[in-house]
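Spelled out, the chains give:
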Amino acid sequence: MSENKDVQKFVYDFTEGNKDLKDLLGGKGANLAEMTNLGLPVPPGFTITTEACKVYLESGAEPAALRDEVSAHLDALEARMGKKLGQADDPLLVSVRSGAKFSMPGMMDTVLNIGLSDASVVGLAQQAGDERFAWDSYRRLIQMFGKTVLGVDGDLFEEALEEAKAAKGVTVDVDLDAADLKKLVKQFKKIVARDAGRDFPQDAREQMDLAIKAVFDSWNTDRAKLYRRQERIPGDLGTAVNVCSMVFGNLGPDSGTGVAFTRDPASGHQGVYGDYLQNAQGEDVVAGIRNTVPLADLEAIDKNSYDQLLKIMETLETHYKDLCDIEFTIERGHLWMLQTRVGKRTAGAAFRIATQLVDQGLIDEAEALQRVNGAQLAQLMFPRFDDTAKTRRLGRGIAASPGAAVGKAVFDSYTAVKWSRSGEKVILIRRETNPDDLDGMIAAEGILTSRGGKTSHAAVVARGMGKTCVCGAEEIEVDTKRRRLTVGDIVVEEGDLVSVDGSTGKVYLGEVPVVPSPVVEYFEGRMHAGADDADELVAAVHRIMAYADRVRRLRVRANADSAEDALRARRFGAQGIGLCRTEHMFLGERREMVEKLILADTDKEREAALEQLLPLQKADFIELFEAMDGLPVTVRLLDPPLHEFLPDITELSVRVALAESRKDANENDLRLLQAVHKLHEQNPMLGLRGVRLGLVIPGLFAMQVRAIAEAAAARKNAKGDPRAEIMIPLVGTVQELEIVREEADRVIAEVQAATGTDLKLKIGTMIELPRAALTAGQIAEAAEFFSFGTNDLTQTVWGFSRDDVEASFFTAYLEKGIFGVSPFETIDKDGVGSLVKNAVAAGRATRPDLKLGICGEHGGDPESVHFFHEAGLDYVSCSPFRIPVARLEAGRAAAGPRASDSR
């Protein structure tokens, strides 16, 4: 706001803002202002705020005061530069660029060279003393403006450009002379008139005003919305618009444009990283249309600018205390800074950089923990290609984003999405990608381009998404029309398998086998951080995990059903088992015993079936308690409907019918079919399951409790330290729990008397029904612990049958923005979350020492872990592979405010 608090300010000069105003000025505008404040060479300009964009998007019109504010700032800019926008004899030219709070590379619009017209192009040529440069700048404006502002198909301009190069007998743009470019401008204007239904505007202010609106509109393009969903960026933030005086990298060999990183965004290593392109404008580098040279080559091309750039890079990294991504232009030997931001990086680079900055004294351990996240750690745990495998190499490019990706070759975004939805794994192969390829990039396992570098669109977007990517594989010739690539005599057709190694840049024909990640080997104890052969990445992960474990309050348990799973979970850092699903112990060869239980017609038959199962269950529990000796093991009594243990009704019906037709009926099959029909329910997930089974089938839960108690007693007598907890599923009212608990207490007392052991077995329940959450205070009278079963709680709160809705309409809900993310993936804080908080408060009001945990899939989701920390739970439980992720996020939740998603 301005000094007059009644008047909202919509435009800020670069001298007025700072890096902390990202909400208002967007990331680009805030950082341009910050660089200006630091005295760095930034071309003058001004920023139109995100608030102006919000007004425009909500009302369909710009704020009434905006035009006058823009005019006042434009007047000031013209006075400073000593020339007018579009002035015929010496034009001021500007760029109009988007800039949201969070980086969205290539997703919104930019227009350069605004102010050029049929008249001012002549003046620009005279002032620059370079006719070719002026006409090249004009054709770029018409091309960008036509596509971005007027909605002309960009391929029409590209085709005309290719035809011009072919007619001249050249392959690159810079070999077209002024005469060629004049003809191209004429052709581009005809394309605009024909396809846009209007002439290219000759009035400079009209160009600027239309470009500003186009940037506002680009916030809601399909690709921008898709990217925001993918990156979980709120849709109501809007974008700022940056109007900046133009500096030119296409003035000849002493000019150029580039992108620099203060550290390698792929590995995190310190050094000189980036790309440079002589005689070019910024979009040429990012688009990957021409292959760049490494930034280090700039030292030989223009040492003064190179030395100045390195000093600025050091200044920015020290000031921002992080990896910085920098865009710059050199205009006839004069260096200009066009943008900086905290750079996107790969998962490995994030961990390395965080620990490096601690060692340099720029940040502390708490901040280092906030610089990484669980999604990055999960990515580091993915397998990598086996170095010892026999391979057939296709080529090598730039390792833009690490990982090991295998899939069928596809050559356009539409096919990538189509095949992916059919269950195929695909590799998207393009000459270069552009923002319209985003959905194909999301669908693909990996991305391969024959052009572009580490700062091209493909590289930047892939790194942000954690996708494997190799760029600039020049020896590979990509033919998108014929849907194939060639390398010498080798031809890869669409549908052929290829393997892409984003860590080395190598591309292989066929499928290359994978081996475990070194990070997984570290967690499993097969690699020790700090040893001579330890990978520095593992050392960085070890340091950050050690700090996370020191500061976190939430304990992390595992969902594990066997001793093997439990041992692996323990190696991964599990502090117990939060969910052992006993139904998994009834599968395989034991299924027949369960069938006998289901088919039992008399008490004697039922008791015999239970007696058969008892020693098997006991043996399972002994193994489990031994594997988790000294740590809690929460055993859930039988939960799923009994029909799940019987043969499929269709398969069984066919088998019985065929047997009857042969007059060879099987008595057991007939009884099974009768049982299947008897147990059939319209909605079995809300039927006879969980605690209801224990109340309806005499002796079932008693057998399981006895097996748990006898196993605990056996481990105690073997000098072990079993810490079993018995969990009753699907309780909806305290009376259900009281009845089951009474039976369980009796059985435990009998086992104690028979074995001479003192068993301290806690009995609790899952909170997975809305009624249980709402009556948690009553249920806590009979429960010593709660474990929130958020999978079923989400189903029952939303009225969703997960197996059905995810396949039928979830995609539409996500696309329409009803969900930002599936509520089965990340906890629904407003609905399910409010019930969790209610149950926590009510339960602890009744029983202050009530232990609280969560055992649904949300227990390993980074965003959800933060919620459970805030809600006051004692632990989360998740699959063994997700334990390190949950440990890390529990530490981040305890350490303080979360780092920006832009990191």
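As a starting point, this report considers the structure included with it. These numbers come from a predicted model, not from an experiment. (Residues numbered from 1 in each chain as written. Predicted model: local features only at pLDDT ≥ 70, side-chain atom pairs only at ≥ 80, totals over all residues. Heavy atoms only, no water.)

**A word on the sheet that holds strand 22 (residues 506–509)**
Piece 1. Taken in spatial order, the eight strands make up an open sheet running 12-22-21-14-15-16-17-13, and their pairing is mixed. Two strands close off the open sheet at either side, each with one partner strand: strand 12 (392–396) and strand 13 (398–401). Within the sheet, the average angular offset between the axes of one strand and its neighbour, ignoring direction, is 30°.
Piece 2. With three bridges connecting them, strand 13 and strand 17 (residues 468–471) associate as antiparallel partners. Each residue of the ladder has a partner; that of Ile-398, found in strand 17, is Cys-471.
Piece 3. Across the sheet, helix 16 (residues 413–421) touches strand 14 (404–410) and strand 15 (426–430), and the angle it forms with strand 14 is around 110°. (Pairing = 2+ DSSP bridges. Helix = DSSP H or I, 4+ residues; strand = E, 2+ residues; numbered from the N terminus. Axes fitted to C-alpha atoms, helices over the stretch in contact; angles between N-to-C directions. Contact = heavy atoms within 4.5 Å.)

**Observations regarding a negative patch on the surface**
Piece 1. Together, Asp-153, Asp-155, Glu-159 and Glu-163 give the surface a local cluster of negative charge.
Piece 2. One can find Asp-155 in helix 6 (residues 154–168).
Piece 3. We classify Asp-155 as partly exposed; its relative accessible area is 46%. (Patch = residues over 30% accessible without salt bridge, like charges linked within 9 Å, V, L, I, M, F, W, Y side chains within 5 Å. Areas by Shrake-Rupley, 256 points an atom, 1.4 Å probe, with all protein chains shown as cover. Salt bridge = Lys/Arg side-chain N within 4 Å of Asp/Glu carboxyl O. Lys, Arg positive; Asp, Glu negative; His and termini not counted. Charge placed at Lys NZ, Arg CZ, Asp CG, Glu CD. Buried < 20%, exposed > 50% of the residue type's maximum accessible area, 1.4 Å probe, protein only.)

**Side note on the sheet that holds strand 4 (residues 110–114)**
Piece 1. Spatially, five strands are ordered 1-2-5-3-4 in an open sheet, and the strand pairing comes out antiparallel. The open sheet is flanked by strand 1 (11–13) and strand 4, the only strands paired with a single partner. Across this sheet, the average inter-strand angle for adjacent strands is 20°, counted without regard to direction.
Piece 2. Where strand 1 and strand 2 (residues 45–48) come together, three bridges link them in antiparallel fashion. If you follow Val-11 over to strand 2, its bridge partner there is Ile-48.

**As for the packing of helix 3 (residues 66–81) against helix 8 (residues 204–218)**
Piece 1. Their axes nearest at 13 Å, the elements helix 3 and helix 8 cross at an angle of 120°. Our classification of the angle between helix 3 and helix 8 gives oblique. The interaxial crossing formed by helix 3 with helix 8 has right-handed handedness. In this structure, helix 3 contributes Leu-66, Arg-67, Val-70, Ser-71 and Leu-74 to the contact, and helix 8 contributes Arg-205, Met-208, Asp-209 and Phe-216.
Piece 2. When its residues are assigned to classes, the contact of helix 3 with helix 8 shows five nonpolar, one polar and three charged. (Parallel < 35°, antiparallel > 145°, perpendicular 65-115°, else oblique. Left-handed = near helix turned anticlockwise from the far one by under 90°. Nonpolar A, V, L, I, M, F, W, Y, C, P; charged D, E, K, R; others polar.)

**Focus on the packing of aromatic side chains**
Piece 1. Summed over the entire model, instances satisfying the criterion amount to 18 aromatic pairs.
Piece 2. When the centroid spacing of 6.0 Å and the interplanar angle of 50° are considered together, the rings of Trp-135 and Tyr-138 count as tilted. On the criterion of helical spacing, the pair formed by Trp-135 and Tyr-138 is a turn pair, its members being three residues apart in helix 5 (residues 131–148). When sorted by exposure, Trp-135 lands in the same class as Tyr-138, which is buried. (Phe/Tyr/Trp six-rings, centres within 6.5 Å; stacked < 30°, edge-to-face > 60°.)

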